[in-house]
Amino acid sequence: MDDLAATNGTSGTGKANGTDSPEDANGAPTAPAAPPAEARGSRAQPKTDKSEQTRALILETAMRLFQERGYDKTTMRAIAAEAGVSVGNAYYYFSSKEFLIQGFYDRMTYEHAADARRRLAGTKDFAERLEIAVTSWIDCAAPYHEFAAQFFRTAADPTSSLSPFSNESHPARATAVELFGEVLAGSDLAPKLDAELAELLPDLLWLNLMVVVLYWVFDRTPDTERTREYVRRSTPMVARVINLSRYRVFRPIVRDAKGLIQDFILPTIGRTAAK
């Protein structure tokens, strides 16, 4: 039944995403148990209890199978079997394959933030700190590059919960924005900037990372070298533009840009975690 569902691209929820529904002892489909709120969207920081260990095992198994078989050909039943848990248990922690990707986003963001903070220690130059933070993301994401394009097909849908701009993605996005706030706050540039602009910059630096991510998804050079070169060349330009904003002659432009950002860009970004 699971193979048939994967072939037809349907699931118990009626979504054409190649997932399957849990079944009872007679093979009839049953509704998966609703996971707790923190499990459905997952969180950017891991827990340490047994429940989180099971959840992490399911997520690790899913990531491995996505790499080996591809996202579309991997079913929830296959993930549960490989992880050594029941299908119902898998659905308890992740109500669909989409939420497995959301869990992957959260874990990736947490690992990126921890790795970037280690690398940033002792560096004050803003351009260097920004390049370190973005390069750290590329390094942390490298093992998943082969199947990243499959994720992107779903995440590119503006109505999808997997969109980086969605409310469901808020925990991961908030962790990343916080990191870029630290990139700025720990730099020699921070005390020189207009306070209102400095408040907006972490969100804008996260948007800059999203541009890099998009380029990275489609980069097929060895070790995504073109993406790395793009970061090496573009980051100093970003830093120079931000540095120029502190001069009085550019203040009118800065105010106009600030208004555009507040009125048209930030409202498109989900600001709250999913209920």
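Let me sum up the structure you'll find in this document. (Residues numbered from 1 in each chain as written. Predicted model: local features only at pLDDT ≥ 70, side-chain atom pairs only at ≥ 80, totals over all residues. Heavy atoms only, no water.)

1. Re the overall build of the chain
Along its length, the chain carries twelve helices and zero strands. Counting the 275 residues in the chain, one finds 46% classified as buried. As displayed, the chain offers around 14,000 Å² of accessible surface, 55% of which is attributable to carbon and sulfur atoms. (Helix = DSSP H or I, 4+ residues; strand = E, 2+ residues; numbered from the N terminus. Buried < 20%, exposed > 50% of the residue type's maximum accessible area, 1.4 Å probe, protein only. Areas by Shrake-Rupley, 256 points an atom, 1.4 Å probe, with all protein chains shown as cover.)

2. Examining the nonpolar core
The biggest cluster of nonpolar side chains holds 66 residues, and the ones touching the most others in it are Met63, Phe66, Leu100, Phe126 and Phe180. The leading source of residues in this core is helix 10 (residues 195-217), at twelve residues. (Core = buried A, V, L, I, M, F, W, Y, C linked by side-chain atoms within 4.5 Å.)

3. Describing the packing of aromatic side chains
Scanning the entire structure with this criterion turns up nine aromatic pairs. An angle of 65° between the planes, with centres 6.2 Å apart, marks the rings of Phe66 and Phe147 as edge-to-face. In this pair, Phe66 sits in helix 3 (residues 50-69) while Phe147 sits in the loop between helix 7 (126-141) and helix 8 (148-155), placing the two residues 81 residues apart along the sequence. In this structure, Phe66 and Phe147 share a single accessibility class: buried. Ring plane angle 10° and centroid distance 5.5 Å describe the contact between Tyr215 and Tyr230, whose orientation is recorded as stacked. Taken together, the residues span a long stretch of sequence, with Tyr215 in helix 10 and Tyr230 in helix 11 (residues 225-244) at a distance of 15 residues. Counting every residue linked through ring pairs, the aromatic cluster contains Phe66, Tyr71, Phe104, Tyr105, Tyr144 and Phe147. When the ring centre of Tyr71 is taken as reference, the NZ or CZ atom of Lys97 above it lies at 4.2 Å. One Lys or Arg, Arg173, reaches over the ring of Trp206 and ends 5.9 Å from the middle of that ring. (Phe/Tyr/Trp six-rings, centres within 6.5 Å; stacked < 30°, edge-to-face > 60°. Lys NZ or Arg CZ within 6 Å of the ring centre and 35° of its normal.)

4. Description of the packing of helix 3 against helix 6 (residues 97-120)
Two numbers describe how helix 3 lies on helix 6: the axes approach to 10 Å, and their chain directions differ by 100°. One way to sum up the angle between helix 3 and helix 6 is to call them roughly perpendicular. Side by side, helix 3 and helix 6 meet where Arg55, Ile58, Leu59, Glu60, Ala62, Met63 and Phe66 of the first sit next to Lys97, Leu100, Gly103, Phe104 and Arg107 of the second. (Axes fitted to C-alpha atoms, helices over the stretch in contact; angles between N-to-C directions. Parallel < 35°, antiparallel > 145°, perpendicular 65-115°, else oblique. Contact = heavy atoms within 4.5 Å.)

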